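# Coordinate inspection notes
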Amino acid sequence: MTAARVRSGGRPTLEEVAARAGVGRGTASRVINGSPRVSAQTREAVEAAVAELGYVPNRAARALAGNRTDAIALVVPESETRFFAEPYFSDIVRGVGAALADTEMQLLLTLVGNDRERRRLAQYLTAHRVDGVLMVSVHADDPLPDLLEQLGMPAVMGGRRSASETLAAVDSDNFGGARAAVGHLVTRGRRAIATITGPGDVHGAQRRLDGYRAAIHEAGLEPDERLIGPADFSEAGGARAMRELLARRPDVDAVFAASDVMAAGARQVLREAGRRIPDDVALIGFDDSAVARHMDPALTSVRQPIEEMGRTMARVLLKEIASETQERPQIVLPTELVVRDSS
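Only a predicted model underlies this, so the values are computations on that prediction, with no experimental measurement involved. (Residues numbered from 1 in each chain as written. Predicted model: local features only at pLDDT ≥ 70, side-chain atom pairs only at ≥ 80, totals over all residues. Heavy atoms only, no water.)

A word on empty space enclosed by the protein. Following the criterion strictly, the structure yields 3 cavities of 30 Å³ or more and no others. The space that makes up the largest cavity amounts to roughly 320 Å³. Considering the residues around the largest cavity, the lining is formed by 24 residues, among which Tyr88, Ser137, Val202, Arg208 and Phe233 are closest to the centre. With 4 residues, the top contributor of residues to the lining of the largest cavity is helix α11 (residues 203-218). (1 Å grid on protein atoms, 1.4 Å probe; cavity = no way out; pocket = protein on both sides within 12 Å on 5 of 7 lines; lining within 4 Å. Points joined across faces, edges and corners; volume = space filled by probe spheres on them. Helix = DSSP H or I, 4+ residues; strand = E, 2+ residues; numbered from the N terminus.)

What follows is the structure, given as structure tokens:
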């Protein structure tokens, strides 16, 4: 059973229109949305299929039924503690809010920290209480994106689940940012370069680890798994990983932490161990948040345009809700290394 049939009680779907016309889904969508980028023959075939099947575009059907809510949900599958501790999330909210400021859309912030909250959210979305969903910090095994696809709910991811993401997504260049950070450490003469990673089931964290590995390889350094400290993007996780790294490789002379918050945890442990930054151990974070600017010494960090990510996510979602596009873009925004005193 298709998503459209689940939602609208048996109305024909865009896929069925495309199949009847003998064209791809994207082509059928362009015809229905009035795009000039189709041939007259193709337009005629799709319009004939629409007439034969009695197809009504989904957004129009919902509007006719009076089901538009003029609300979108920003879903964060994390606890309140982590949400309020990490500047990343407040920057995303700020960017989304800026993009919605001149619209009639209301933004509903939803934190989903456990299975009970996840079930409640699934019921809420199944009832179509919102017109679309924005998601950030999604883990690979999170069932929510698949549910949204089943419901035919417009959705945009902040960060991808994998390289083969099927939903629209806005991401930063995690690989390039990490590679630049480690390359910078190499140019400063560092040789025992460690990294503190984010969760292995978060694609962005994996890409930062990939960038670290690539830079180590390009520098001709010997890869050493003992220099990789798994963590969870939290300050406590960064501190724990740093202690483990010092125990395994006391000669570590540089650390690339995959978030500024984890770098803050690492810095505390290095100070407790009597290691000076950057004299003994150079330190780099990722995000270029307020944490980086206010740290002592000021933290070198990879700047990702988090507010712009939020704005772009909201704009893409608004277009999808308005039926201006059926496409699911994969947008990657550039990162930049901001060099400060810690490296």
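There is more to say after this.
Here the focus is the pairing of strand β8 (residues 254-257). Residues Ala254 and Phe256 line one face of β8 and the alternating positions Val255 and Ala257 line the opposite face, and both faces are buried. Judged from the 4 bridges that link them, strand β6 (residues 193-197) and β8 form a sheet pairing that is parallel. If you follow Ala194 over to β8, its bridge partner there is Val255. Handedness of the crossover joining β8 and strand β9 (residues 282-287) through helix α13 (residues 260-272) is recorded here as right-handed. (Buried < 20%, exposed > 50% of the residue type's maximum accessible area, 1.4 Å probe, protein only. Pairing = 2+ DSSP bridges. Right-handed = clockwise from strand over helix to strand, strands pointing away.)

As a further point, take the packing of aromatic side chains. Applying the stated criterion to the full structure yields 4 aromatic pairs. Centre to centre, the rings of Tyr88 and Phe89 are 5.4 Å apart; their planes meet at 80 degrees, and the pair counts as edge-to-face. Tyr88 sits in the buried class, given a relative accessible area of 14%. In this structure an aromatic cluster arises from ring pairing among Phe83, Phe84, Tyr88 and Phe89. The ring centre of Phe286 lies 3.8 Å from the NZ or CZ of Arg208, which sits over that ring. (Phe/Tyr/Trp six-rings, centres within 6.5 Å; stacked < 30°, edge-to-face > 60°. Lys NZ or Arg CZ within 6 Å of the ring centre and 35° of its normal.)

Another point: the sheet that holds strand β11 (residues 330-333). Judged by pairing direction, the sheet is parallel, and its 6 strands sit side by side in the order β2-β1-β3-β4-β5-β11 without closing on themselves. Only two strands of the sheet have a single neighbouring strand rather than two, namely β2 (106-111) and β11. Here the strands of the sheet are splayed against their neighbours by 20 degrees on average, with no regard to which way each runs. The pairing of strand β4 (residues 155-158) with strand β5 (residues 168-172) spans 3 bridges and is classified as parallel. Across the sheet, residue Met157 finds its bridge partner in β5, namely Ala169. Those strands touched by helix α15 (residues 306-321) are β1 (71-76), β3 (132-136), β4, β5 and β11, and its axis lies near 155 degrees from that of β3. (Axes fitted to C-alpha atoms, helices over the stretch in contact; angles between N-to-C directions. Contact = heavy atoms within 4.5 Å.)

With that settled, consider the nonpolar core. Among the nonpolar cores identified, the biggest contains 46 residues, and Ile193, Ile196, Tyr212, Met242, Val255 and Phe256 are the most heavily contacted of them. For this core, the secondary-structure elements that each account for two or more residues are α10 (174-187), β6, α11, α12 (235-248), β8, α13 and β9. In terms of residues, this core owes the most to one element, α13, which gives 6 residues. Those residues in contact with Ile193 that sit more than four places away from it in its chain are Val182, Leu185, Val186, Tyr212, Ile216, Leu221, Leu227, Asp253 and Ala254. (Core = buried A, V, L, I, M, F, W, Y, C linked by side-chain atoms within 4.5 Å.)

This brings us to the sheet that holds strand β12 (residues 336-338). Strand order in this open sheet of 6 strands is β7-β6-β8-β9-β10-β12, and the pairing throughout is mixed. Strand pairing shows two members of the sheet lacking a second neighbour, β7 (228-230) and β12, which therefore form its edges. Taken pair by pair, the neighbouring strands of this sheet meet at an average axis angle of 20 degrees, ignoring direction. Packing of α10 onto the sheet brings it into contact with β6, β8, β9, β10 (300-303) and β12, and relative to β9 it is tilted by some 165 degrees.

What follows deals with helix α3 (residues 25-32). Of all the positions in α3, only Thr27, Ala28, Ser29 and Val31 are classed as buried. Looking at the buried positions of α3, the neighbouring elements they touch are α2 (14-21) and α4 (40-53).

Here we come to the confidence of the model for the chain. For the chain, per-residue confidence averages 88 on the pLDDT scale, and 91% of positions sit at 70 or higher. With pLDDT under 50 throughout, residues 1-9 is counted as low confidence; its partners more than four residues away or in other chains account for 17 contacts. (pLDDT = per-residue confidence, 0-100.)

Glancing now at the pattern of salt bridges. Here the structure, examined in full by the defined rule, presents 24 salt bridges. Residue Asp224 pairs with Arg249 through a salt bridge whose shortest N-O separation is 2.5 Å. Here Asp224 is found in the loop between α11 and β7, whereas its partner Arg249 is found in the loop between α12 and β8, with 25 residues between them in sequence. On the basis of relative accessibility, which here comes to 17%, the residue Asp224 falls in the buried class. By relative accessible area, which is 15% here, Arg249 ends up buried. Where salt bridges share partners, they join Asp91, Arg94, Glu307, Glu308, Arg311 and Arg315 into one cluster. (Salt bridge = Lys/Arg side-chain N within 4 Å of Asp/Glu carboxyl O.)

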